[in-house]
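A closer look at the structure
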Amino acid sequence: MSLLAQGAEMARRSVLQTLRQPAMVIPPIGFPLILMAVNAGGLESATRLPGFPTDDYLNFVIAFPFIQGSLFAAINAGSSLARDVETGFLKRLALTPMQRAAMLLGNLAGVMTVALLSSCIYLGVGFAAGLHFEAGAGGVLVLLALALLIALAFASLGALIGLRTGSGEAVQGIFPLLFVLVFLSSSALPRELIERDWFRTIATINPVSYLFEGLRSLVIFGWDGEALALGFGVALAIAVLGVLGAASALRTRLVRT
Amino acid sequence: MRRFADVAGGVAWRSIHRFVTKPQFLAPSIIFPLFFFVAFAGGLSNVGNVPGFDFPSGYTAFQFVFVLLQASAFGGVFTGFSIAADFESGFARRMMLAAPNRLGILAGYAIAAGARALIVGALLFAVALATGMRVDGGGIDLFGLVVLASLVNVTATLWAAGVAMRLRTIQAGPAMQMPVFILLFLAPVYVPLELLSGWIEAVARINPFTALVEGGRDLISGGDVRAWLVYGVAVLLLGGFAVWGVRGLRRAEAAG
């Protein structure tokens, strides 16, 4: 069986396993939309600050659900791999000729399916609420591509932790840490409008800021090469580190078994 | 009455001892409010410069009140998690067999939730003052704020206890947490009610938590507090959720 066919089999299992569990589908779609709605209404008056880049906060906050949804991708990917470790599924799989790359990438397919589905829903809800997309139809496709890359990046980090620890509880434990990274970024205000120097410094160091800025640049500014390059660059770097780390953790895990 | 006090004291002591000696139980209650305070008061401080934002004590104090009430509410919700865990492990059932007055169990958990909120609230006060929060209200105003936070804490505890005793599983966690989270965030979190517009303004106007958070902000800034409205809403909510909590206890008794 080729790597592609093996990967497809693992992907089919992962997609079915994910879609059959409402707890893995509803929160990544529902919670980010609730927070987006609350923030879009609650912080609308922030657009009156001099220098705020748009006159509708929805255009600014639309990036939020994509990043928050990616955090759920991290938790779900990590939890499902940790469960495979806990139940012994990985041990049994190790006895077959299945290749490690197929195991890993196939396992991420479920959360990536939810990420694609939820990204389309976030955009649909955004457009229904009056989202104005400066970069046009092409920009929507680029935003979806960046959103999926970000989801892959976080999912691979979740997979790394799930495989390294083999514990679903440990994976759940990283959620607050990821949440902190999201809030200590330029998620709610542009960096240049953050008043406190220490917070602006943290937001500038925090790579998550560049993911937000890449996503919303398409909505607010149109085609901003620098913001997009930084957004794609940071997401790609996290994804590469995550996938390599997860592959190494899987190799170690299979050696142990 | 003596039996009630004995049971409440025993349950409270056990719960307090548990979260004081095991940091994993107390840490989330402490870390989350501090983190929200840092993220809101630090990251969004420029929102205080929005035209029409005229809160006299500054944005840090404005956000402090919300985070304090949120921490008090979540102190109650986290206690609900402990109750659910006690049912899952079978401990709560044994406790109900042994307790001569079962209402004391509910009261004991509420005392523990109050202690948890007190620790978190004191720490939050210290951090806020250390980071330059302005308090324009006097001693009586601050006492009123503490009373308000305590009422929110007991109300949230009774809500979470009611859910925990009905469902008796830790998987009910989101059912305890999400309604509280949504209710809190559908109040004027980032700006005063007058600066909200659209659907969120309409929802915030009918959200009972709005009266509490605005009352708390009036207290810390030494403004005119509509005490009857603020404490009236708080006491009404407490009364409603006391019925919910006691009925939950009766359901748990009936389930055996």
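We now turn to the structure provided with this report. (Residues numbered from 1 in each chain as written. Chains lettered and ligands numbered in written order. Predicted model: local features only at pLDDT ≥ 70, side-chain atom pairs only at ≥ 80, totals over all residues.)

**Some details on the interface of chain B and chain A**
On the chain A side, the residues contacting the 24 residues of chain B number 21 residues. Listing elements by their share of the side of chain B that touches chain A, those giving two or more residues are helix H2 (23–43), helix H7 (173–185) and helix H8 (199–206) of chain B. Among the residues forming the side of chain B that touches chain A, the class breakdown is 17 nonpolar, 7 polar and no charged. (Contact = placed C-beta atoms within 7 Å. Helix = DSSP H or I, 4+ residues; strand = E, 2+ residues; numbered from the N terminus. Nonpolar A, V, L, I, M, F, W, Y, C, P; charged D, E, K, R; others polar.)

**Section: helix H4 (residues 63–86) of chain A**
All names here are of chain A. Taking 1.5 Å of rise per residue, 24 residues should cover 34 Å, and H4 covers 35 Å from first to last C-alpha, within 8% of that figure. Along H4, 22 of the 24 residues are buried, which leaves the element largely enclosed by surrounding structure. Trailing H4 by a residue or two, Gly88 shows a phi angle of about 85 degrees, which is positive. (Expected span 1.5 Å × (residues − 1). Buried ≥ 20, exposed ≤ 12 C-beta atoms within 10 Å, placed from the backbone.)

**Digging into the nonpolar core**
Judged by nonpolar contacts, the single largest core of 91 residues is most densely connected at Phe64, Val65, Leu69, Tyr109, Val152 and Ala164 of chain B. Ranked by the residues each element gives to this core, the list is headed by helix H3 (residues 59–89) of chain B, at 17 residues. When near neighbours in sequence (up to four residues on either side) are disregarded, Ala164 of chain B contacts Gly80, Ile83, Ala84, Phe87, Ala172 and Met176 of chain B. Residues Ile62, Phe72, Val111 and Val234 of chain A belong to the second largest nonpolar core, which totals 65 residues. (Core = buried A, V, L, I, M, F, W, Y, C linked by C-beta atoms within 7 Å.)

**Focus on the environment of Ala23 of chain A**
If you trace the backbone, Ala23 of chain A turns up in helix H2 (residues 22–42). Along the sequence, Ala23 of chain A and Asn76 of chain A sit 53 residues apart, while their C-alpha atoms lie 9.5 Å from each other.

**A short note on unusual backbone geometry**
One can expect most non-glycine residues to show negative phi and most peptide bonds to be in trans. Residue and element names in this part refer to chain B. If you check the backbone angles, Arg168 has positive phi at about 55 degrees while not being a glycine. Tracing the backbone shows Arg168 in the loop between helix H6 (139–167) and H7. C-beta crowding within 10 Å serves as the criterion here: with 20 such atoms nearby, Arg168 is assigned to the buried category.

**With respect to the packing of helix H5 (residues 103–130) of chain B against H6 of chain B**
Residues and elements named next belong to chain B. Contact pair H5 / H6: the axes reach a minimum separation of 9 Å and the direction vectors enclose 135 degrees. On the basis of their axis angle, the class for H5 and H6 is oblique. As for how H5 packs across H6, the hand of that crossing is right-handed. Contacts between H5 and H6 pair Leu106, Tyr109, Ala110, Ala113, Gly114, Ala117 and Gly121 from the former with Ala149, Ser150, Asn153, Val154, Thr157, Leu158 and Ala161 from the latter. Of the residues that constitute the contact of H5 with H6, the class distribution is 9 nonpolar, 5 polar and no charged. (Axes fitted to C-alpha atoms, helices over the stretch in contact; angles between N-to-C directions. Parallel < 35°, antiparallel > 145°, perpendicular 65-115°, else oblique. Left-handed = near helix turned anticlockwise from the far one by under 90°.)

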